[in-house]
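# A look at the structure
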Amino acid sequence: MRNLDLMRRSFHRRHIRARQIILGQHKDFLYLLPMRLSHLNALRALEASLRHRSFTEASHELGVTPAAVGQRVRSLEDYLNVKLFIRTKSGIDPTDDALRVEKLLNVGFSDVATALRQLKQSSLGTHLAITLPASFAEHWLTPWISEFYRRHEELDLRLDASNRDVDLVTENFDFAIRYGRQTTPPLEEKLLFGDFVLPICSPSFQKQWEIGPETSSLNGVPLIHVDNRTSDPGWVGFDSWGEAFGFDQNDLSKGVRYSSVSSGLKAAVEGQGLVLSGMVEAYNLIKAGQLAVPFGYSKHCKTHYAYRLVWLNGTRQTALGRDFADWLMKRAHDYSQGVDQLMR
């Protein structure tokens, strides 16, 4: 309880300091603005919005809508009677008042998360919590995770397979595996690998439809589309892929549509059609002979985003956490070498 009281008082002092910097000329009225715990969500929204320079990107991290982030920031502006962002048609621009407290908020929330983790440190020796994309968990990590279990028979592993960007500052996870752009403070990262998109199908489907490296038209060939796959601007559908490699553009938008990667890959394995997939998700199925690359590996489109191992800056990792990071980096290296061999 004493540690928790110290943590609350430390955060309270940081909050008062942030208000002093924001208010500047209004210091005489600080006694009118008492600290409330209900303001923490608003401060968290402000910190994330400043770091990303975007309500939308902040919403992905916090697991709420962009409108909710904007509302939290607006409530803080009303409370302080200070403008924190200039809203424009192209996005948001932080004001000088907001910029003056950006670093203070980054450090403050990082310190709070570190304090909580240290208070729980005694119970973390065999516990490991990781959040990661659902398709990555199912198709890339799952076939190999038993290897890590064999190294740590006492392991209590929690895998949160979801497609939201979990807030590592406020939620209790040791690591996140993310597909996206390079992270920013207070997060740190190690790059695992990039990805590329290419068409795949079952070997029997390839034989049935007589498609191969010399094919230039997919007219009549059953296609499988995965909708809302990612926000990656480099991720292509059949239209863009076909255009890049000189395929007849007729009928490339037709076919069966799924809302999940797993459903699309399962349909392809069962011989129902040709699907565009990331190599990361298709790799183990290709190695197992369940899927084929009918047009060859050269006809692929490289993505803009990459897979990254992410953690909160200042977090004191357990020996188990450090070993997991080392194991995952080795696995990533082995995977990259395996892909290079396939593409030769």
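Residues numbered from 1 in each chain as written. Predicted model: local features only at pLDDT ≥ 70, side-chain atom pairs only at ≥ 80, totals over all residues. Heavy atoms only, no water.

What follows deals with the sheet that holds strand E5 (residues 175–180). Pairing in this open sheet of eight strands is mixed, and the strands run E4-E3-E5-E10-E6-E9-E7-E8 from one edge to the other. At either end of the open sheet lies a strand with only one pairing partner, and these are strand E4 (156–161) and strand E8 (256–258). Here the average twist between neighbouring strands, direction ignored, is 20 degrees. In terms of strand pairing, strand E6 (residues 187–200) meets strand E10 (residues 301–312) through nine bridges, oriented antiparallel. Following the sheet pairing, Glu188 is matched in E10 by Trp311. Contacting strand E3 (127–132), E5, E6 and E10, helix H11 (residues 319–343) runs over the sheet at an angle of about 30 degrees to E6. (Pairing = 2+ DSSP bridges. Helix = DSSP H or I, 4+ residues; strand = E, 2+ residues; numbered from the N terminus. Axes fitted to C-alpha atoms, helices over the stretch in contact; angles between N-to-C directions. Contact = heavy atoms within 4.5 Å.)

Contact pair helix H2 (residues 40–52) / helix H3 (residues 55–62): the axes reach a minimum separation of 8 Å and the direction vectors enclose 125 degrees. Accordingly, the angle class assigned to the pair H2 and H3 is oblique. Handedness of the H2/H3 crossing: right-handed. Contact with H2, carried on its side by Arg44, Ala45, Ala48, Ser49, Arg51 and His52, involves Phe55, Glu57, Ala58, Glu61 and Leu62 of H3 and no other residues of that element. Broken down by class, the residue content of the contact of H2 with H3 amounts to five nonpolar, two polar and four charged. (Parallel < 35°, antiparallel > 145°, perpendicular 65-115°, else oblique. Left-handed = near helix turned anticlockwise from the far one by under 90°. Nonpolar A, V, L, I, M, F, W, Y, C, P; charged D, E, K, R; others polar.)

Of all residues in the chain, 86% attain a pLDDT of 70 or more, and the chain-wide mean is 86. In the predicted structure, residues 14–33 sits below a pLDDT of 50 and forms 33 contacts with residues beyond four places in sequence or in another chain. (pLDDT = per-residue confidence, 0-100.)

All right, on to the pairing of E10 then. In terms of burial, E10 is largely enclosed, as 10 of its 12 residues are buried. Here E5 pairs with E10 via five bridges, running antiparallel. Among the inter-strand pairings, Tyr179 is bridged to a residue of E10, identified as Tyr307. (Buried < 20%, exposed > 50% of the residue type's maximum accessible area, 1.4 Å probe, protein only.)

On to helix H4 (residues 66–80), then. The end-to-end C-alpha distance of H4, which contains 15 residues, comes to 21 Å, matching closely the 21 Å that a straight helix rising 1.5 Å per residue would cover. Just beyond H4, the residue with positive phi is Asn81, at close to 60 degrees. (Expected span 1.5 Å × (residues − 1).)

Attention now goes to the pattern of salt bridges. Taken as a whole, this structure holds 18 salt bridges when the rule is applied. Residue Glu57 is joined to Arg181 by a salt bridge in which the shortest nitrogen-to-oxygen separation is 3.7 Å. Of the two residues, Glu57 is situated in helix H3 and Arg181 in the loop between E5 and E6; the sequence distance between them amounts to 124 residues. Overall, the relative accessible area of 30% leaves Glu57 in the partly exposed class. Judged by relative accessible area, which is 51%, Arg181 ranks as exposed. A salt bridge links Asp97 to Arg100, with the shortest nitrogen-to-oxygen separation between them at 2.2 Å. (Salt bridge = Lys/Arg side-chain N within 4 Å of Asp/Glu carboxyl O.)

In total, this model carries 23 aromatic pairs according to the counting rule given. Ring centres 4.7 Å apart and planes at 55 degrees place the aromatic pair Phe193 and Tyr335 in the tilted group. Of this pair, Phe193 sits in strand E6 while Tyr335 sits in helix H11, placing them 142 residues apart in sequence. Both rings, one in Tyr283 and one in Tyr335, keep their centres 4.9 Å apart while their planes meet at 80 degrees; by these two values the pair is edge-to-face. Of this pair, Tyr283 sits in helix H10 (residues 279–287) while Tyr335 sits in helix H11, and the two are 52 residues apart along the sequence. The residues Tyr283 and Tyr335 share a single accessibility class, namely buried. Members of the aromatic cluster, joined through ring pairs, are Phe136, Trp140, Trp144, Tyr179, Phe193, Trp235, Tyr283, Tyr305, Tyr307 and Tyr335. The ring of Trp235 is capped by Arg229, whose NZ or CZ atom sits 4.3 Å from the centre of that ring. Here the guanidinium or amino end of Arg331 rests over the ring plane of Trp144, the centre of that ring lying 4.4 Å away. (Phe/Tyr/Trp six-rings, centres within 6.5 Å; stacked < 30°, edge-to-face > 60°. Lys NZ or Arg CZ within 6 Å of the ring centre and 35° of its normal.)

Now for H3. Inspection of H3 places Phe55, Ala58, Ser59, Glu61 and Leu62 among the buried residues, and these make up the whole buried set. Buried residues of H3, viewed axially, fall in a sector of 160 degrees; they line one side. Buried residues along H3 sit against H2, H4, strand E1 (85–88) and strand E2 (91–94). The N-terminus of H3 is capped by Ser54, whose side-chain oxygen sits 3.1 Å from the backbone nitrogen of Thr56. Just beyond H3, the residue with positive phi is Gly63, at close to 75 degrees. (Arc of directions from axis to C-beta. Polar contact = N/O pair within 3.5 Å; in protein donor to acceptor, adjacent residues only side chain to side chain.)

Here we come to unusual backbone geometry. The omega angle of the peptide bond from Pro185 to Pro186 is 10 degrees, so this bond is cis rather than trans. By secondary structure assignment, the location of Pro186 is in the loop between E5 and E6. Unusually for a residue other than glycine, Arg53 sits at a positive phi of about 55 degrees. Within the secondary structure, Arg53 sits in the loop between H2 and H3. Of note, Asp251 is a non-glycine position whose phi angle comes to about 70 degrees, a positive value.

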